[in-house]
Amino acid sequence: MTLKSVVPSKRKKPIDSDQIPYSTISRLTQYLRVVEKLDELGVSNISSAELSEETKINSFLVRKDLSYFGEFGTRGVGYEIPVLRDELKSILGLNRKHKTIVVGAGNLGRALIHYRGFLDKGFEIEAVFDSDPEKIGNKVEEFTIESVFNLEEFLKTTPDISIGIIAVPVASAQFIANLLVANNIRGILNFAPVALEVPPDVVYSSVDLTTHLEIISFYITHPTSYKMGYAE
Ligand code: NAI
């Protein structure tokens, strides 16, 4: 018997992603981390006040965020941890595996591949590509770095790759994004510090650690009571 059949979904509302703020989605992942940790510790219930305390997210926001998806808590009792965990995973599309590829096997690409945490969360790296003849054929973990010239063929012949991670220099990033998009990749995580153009049906996210350092720099330079990372 699967956990799903033990814990039926209480969620009634269909999800309309256009109506849900991006900030809510980013907080859902924080709720999920806390709930998974408490589940491992054998905790069975959590109130929105406790979830607020654990995540440092205002309890009004916690309730508002979860209310977008219907009612799966019980007044006075809070949320059953396994129910909340399963609902959050289902909402975030994490109750299935996401096959992922990495393009660019330099310092960053290799670090991402060495990090096993993505695997635990259901993001399976399927292949790694680079353009440098010195790197092609070398191993990173269990992956043999493949030539980027084989990328298109790989995508045409390998079904269900849903996410492409771009870890190439700025000069190559748009070219790689175009290649991914042309071959039906619908999710792109870009590390190159450049805004890429992708069609509206492609889900695109860019990560730039420098931006976070610059924000820290701002608040160090102009001290404030604002606490970074503490949602309001
Ligand atoms: P790196 O120079 O060590 O690695 C880049 C790799 O991309 C090299 O192996 C190179 O051969 C490969 N490459 C170049 N053109 C390619 C193409 N057309 N197709 C396939 N592979 C290609 O650089 P590093 O440090 O790994 O950084 C990679 C990218 O990530 C850069 O754009 C860098 O600015 C960015 N970066 C972003 C960070 C962030 O916080 N978002 C942090 C660190 C790096």
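Residues numbered from 1 in each chain as written. Predicted model: local features only at pLDDT ≥ 70, side-chain atom pairs only at ≥ 80, totals over all residues. Heavy atoms only, no water.

Summing up its helical and strand segments, the chain has ten helices and ten strands in all. Considering only C-alpha atoms, the chain reaches an extent of 60 × 55 × 35 Å along its principal axes. Across the 232 residues of the chain, 38% fall into the buried class. Relative to all contacts within the chain whose residues are 6 or more apart in sequence, the contacts with residues 24 or more apart total 60%. Of the roughly 13800 Å² of accessible surface on the chain, a fraction of 56% belongs to carbon and sulfur atoms. Each charge class in the chain was averaged separately, 25 positive and 30 negative side chains, and the resulting centres sit 6 Å apart. (Helix = DSSP H or I, 4+ residues; strand = E, 2+ residues; numbered from the N terminus. Buried < 20%, exposed > 50% of the residue type's maximum accessible area, 1.4 Å probe, protein only. Contact = heavy atoms within 4.5 Å. Areas by Shrake-Rupley, 256 points an atom, 1.4 Å probe, with all protein chains shown as cover. Lys, Arg positive; Asp, Glu negative; His and termini not counted. Charge placed at Lys NZ, Arg CZ, Asp CG, Glu CD.)

With that settled, consider the pattern of salt bridges. Here the structure, examined in full by the defined rule, presents nine salt bridges. R116 is the salt-bridge partner of E142, the closest N and O atoms lying 3.3 Å from each other. Note that E142 is positioned in the loop between β5 (139-140) and β6 (143-144) and R116 in the loop between α6 (107-114) and α7 (117-120), a separation of 26 residues in sequence. Assessed through its relative accessible area of 46%, E142 is described here as partly exposed. What you see here is one network of salt bridges that share partners, running through E36, K89 and K121. (Salt bridge = Lys/Arg side-chain N within 4 Å of Asp/Glu carboxyl O.)

In regions of low pLDDT, the predicted coordinates are not meant to be interpreted in detail. Taken residue by residue, the chain gives an average pLDDT of 89. The fraction at 70 or more is 91%. For residues 1-8, every residue scores under 50 in pLDDT, and the model assigns this stretch six contacts once sequence neighbours within four places are set aside. (pLDDT = per-residue confidence, 0-100.)

Let's shift gears to the packing of helix α2 (residues 22-40) against helix α3 (residues 48-55). Taken N-terminus to C-terminus, the directions of α2 and α3 make an angle of 105 degrees; their axes are 10 Å apart at the nearest point. With respect to each other, α2 and α3 are oriented roughly perpendicular. Within the contact between the two elements, α2 uses Q30, Y31, V34, V35 and K37 and α3 uses L51, E54 and T55. Here the residues of the contact of α2 with α3 sort into four nonpolar, two polar and two charged. (Axes fitted to C-alpha atoms, helices over the stretch in contact; angles between N-to-C directions. Parallel < 35°, antiparallel > 145°, perpendicular 65-115°, else oblique. Nonpolar A, V, L, I, M, F, W, Y, C, P; charged D, E, K, R; others polar.)

So, about the packing of α2 against helix α4 (residues 59-67). Relative to each other, α2 and α4 sit at 105 degrees, their axes nearing to 10 Å. The orientation of α2 relative to α4 falls into the category roughly perpendicular. Here α2 contributes T24, R27, L28 and Y31 to the contact with α4, which in turn contributes L61, V62, D65 and L66.

Moving on: the site of the ligand. The immediate surroundings of the ligand are formed by 23 residues, with D130, K135, V168, V207 and L209 found nearest. Within the backbone of N107, one N or O atom sits 3.0 Å away from an oxygen atom of the ligand. At a separation of 3.1 Å, a nitrogen atom of the ligand approaches a polar side-chain atom of S172. Coverage of the ligand by the protein amounts to 76% of the 850 Å² it exposes when considered alone. Put simply, the parts of the chain that give the shell around the ligand at least two residues each are α6 and α9 (170-182). In terms of residue count, the dominant contributor to the shell around the ligand is α9 (three residues). Its residues assigned to classes, the shell around the ligand shows 14 nonpolar, five polar and four charged. (Near = heavy atom within 4 Å. Polar contact = N/O pair within 3.5 Å; in protein donor to acceptor, adjacent residues only side chain to side chain.)

Together, L213, I216 and I220 line one region of the surface with nonpolar side chains, adding up to about 310 Å² of accessible area. As for its placement among the helices and strands, L213 is situated in helix α10 (residues 209-221). (Patch = residues over 30% accessible without salt bridge, like charges linked within 9 Å, V, L, I, M, F, W, Y side chains within 5 Å.)

Across its 19 residues, α2 extends 28 Å between first and last C-alpha, which sits within 8% of the 27 Å expected from 1.5 Å per residue. Within the span of α2, buried status applies to T24, R27, L28, Y31, L32, V34, V35, E36 and L38. Packing partners of the buried residues in α2 comprise β1 (45-46), α3, α4 and α5 (81-91). (Expected span 1.5 Å × (residues − 1).)

Turning next to the domain arrangement of the chain. Annotation of the chain at the domain level lists domain 1 (17-91) and domain 2 (98-211). The straight-line distance from the C-alpha centre of domain 1 to that of domain 2 is 31 Å. (Domains from an automatic or database assignment.)

Within the secondary structure, P82 is located in helix α5. Separated by 39 residues in sequence, P82 and V43 place their C-alpha atoms 9.4 Å apart.

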